[in-house]
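What the coordinates show
The residues making up each chain are set out below.
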Amino acid sequence: MTFDALLSSLTPDPPLRLIALAGPPASGKTSLAEKLAAAMGPGVQALPMDGFHLDNATLEARGLLHRKGAPETFDALAFLRAVEALSKGMLETWPGFDRDADAVVPNAVSLITDAKTFVIEGNYLLLNQPIWRDLRGYWDRAVWLDVEEAVLRQRLIQRWLDQGLSAQAAKARAEGNDMVNARLIADQSTLEDVIRFTPA
């Protein structure tokens, strides 16, 4: 499927309210969400799921800091409630995530007034696990990003190199956590009635 074909499938009249863009880490979700939002025109906004990470102190207390990015390291219930409120037009801001500071930024994104469509991107939007699976009822359309493991691994290692890790540490971080999450997402996401897209 080309980008233009994907765009065409996501721009009916009347417009879709919530579009889910799901896939493993480093599959290109953020770039694609922003590209789609721009191409779909005014009144469309891309939003990340990353602003719902649990803070590092909480993760450390729970022994989960080394697994940051796994489903259990997000506040899934808060995310579900935010998506529900978003679907009803009841939110004005959305949290973001500062990758350099490795921290959530509350109210980082001001929502477009009278926005018609939101493209929400995240790893676990289609995950078939408690709480996460309840999100499915809010998606007007869902897109899954198909990317080969070898490509994901290369991108993830480079991501950690860009964050200042050594080559050995970057590879260990990618293999020991990110690729574990990528396989979990692939194995436990519900992909029926989902548009499958392979980014260029």
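Here we summarise the structure given alongside this text. (Residues numbered from 1 in each chain as written. Predicted model: local features only at pLDDT ≥ 70, side-chain atom pairs only at ≥ 80, totals over all residues. Heavy atoms only, no water.)

As a further point, take unusual backbone geometry. The linkage connecting Asp-13 with the following residue, Pro-14, adopts the cis geometry, with an omega of 10°. Phi at Asn-107 is positive, roughly 55°, even though this residue is not glycine. Residue Asn-107 is classed as exposed on the basis of its relative accessible area of 56%. If you check the backbone angles, Asp-114 has positive phi at about 60° while not being a glycine. Within the secondary structure, Asp-114 is located in the loop between strand 4 (103-110) and strand 5 (117-122). (Buried < 20%, exposed > 50% of the residue type's maximum accessible area, 1.4 Å probe, protein only. Helix = DSSP H or I, 4+ residues; strand = E, 2+ residues; numbered from the N terminus.)

Residues separated by three or four positions in an α-helix point in the same direction, a consequence of the helix having 3.6 residues per turn. The end-to-end C-alpha distance of helix 5 (residues 149-162), which contains 14 residues, comes to 20 Å, matching closely the 20 Å that a straight helix rising 1.5 Å per residue would cover. Considered for burial, the residues of helix 5 that qualify are Leu-152, Leu-156 and Trp-160. Considered in projection along helix 5, the buried side chains sweep an arc of 65° and stay on one side of the axis. Opposite the buried face of helix 5, by more than 90 degrees, sit the exposed residues Gln-154 and Asp-162. As for helix 5, its buried residues are in contact with helix 6 (167-188). (Expected span 1.5 Å × (residues − 1). Arc of directions from axis to C-beta. Contact = heavy atoms within 4.5 Å.)

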